[in-house]
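A look at the structure
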Amino acid sequence: SGGLRRRGVKIAEGLHIREAAHKARGGLIRATIRTREKTLDDVTFSGDFFIYPQDSIPGLESALAGSPLDEQELHYRSTGFWEENQIQAPGLAPADVATVVMQAAEG
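Since the structure is predicted, the reported quantities are computational estimates derived from the model, not experimental observations.

Calculation notes
Residues numbered from 1 in each chain as written. Predicted model: local features only at pLDDT ≥ 70, side-chain atom pairs only at ≥ 80, totals over all residues. Heavy atoms only, no water. Helix = DSSP H or I, 4+ residues; strand = E, 2+ residues; numbered from the N terminus. Buried < 20%, exposed > 50% of the residue type's maximum accessible area, 1.4 Å probe, protein only. Contact = heavy atoms within 4.5 Å. Areas by Shrake-Rupley, 256 points an atom, 1.4 Å probe, with all protein chains shown as cover. Salt bridge = Lys/Arg side-chain N within 4 Å of Asp/Glu carboxyl O.

Looking only at helices and strands, the chain features three helices and four strands. In the chain, the order of α-helices and β-strands from amino to carboxyl end is β-β-β-β-α-α-α. By the burial criterion, 43% of the 107 residues in the chain qualify as buried. Sequence-distant contacts in the chain: of pairs separated by 6 or more residues, those separated by 24 or more amount to 44%. With an accessible surface of roughly 6000 Å², the chain has 47% of that area assigned to carbon and sulfur atoms.

Below, the structure is given as structure tokens:
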């Protein structure tokens, strides 16, 4: 399914940190997530993909923080961010962002 690696650690009751990697057409995208119950508390993206404007990753991470762990909602928020910020990311789409976050959440 494109997931390369998953691992996680339970910090406290209902609080977990997990990681996953997803191979998109444009490169590898990694997500390290902190979840609280069924909510994405925080997310950090890294990998070998290109995204313009180059400083847009922190904004994307902020746009997703607080989202329910639901692939449709993550896709919706990612797409909104893409459109509002005129993101250009060859071979990387909002669906890839939603996929890697959900892979981490399910790991």
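Take the environment of glycine 14 next. Secondary-structure assignment places glycine 14 in the loop between strand E1 (3-12) and strand E2 (15-24). For glycine 14, a relative accessible area of 14% puts it in the buried group. When the C-alpha positions of glycine 14 and lysine 38 are compared, they lie 8.5 Å apart, and in sequence the two are 24 residues distant. Aside from chain neighbours lying at most four places away, what touches glycine 14 is Thr35, Arg36 and Glu37.

Here we come to the pattern of salt bridges. According to the stated counting rule, one finds three salt bridges in the structure shown. Here arginine 34 and aspartate 41 are joined by a salt bridge, their closest N and O atoms 2.7 Å apart. Since its relative accessible area comes to 32%, arginine 34 is described here as partly exposed. With a closest N to O distance of 3.2 Å, aspartate 41 and arginine 36 form a salt bridge. Arginine 36 sits in the partly exposed class, given a relative accessible area of 41%. A cluster of three or more residues bridged by salt bridges with shared partners is formed by Arg34, Arg36 and Asp41.

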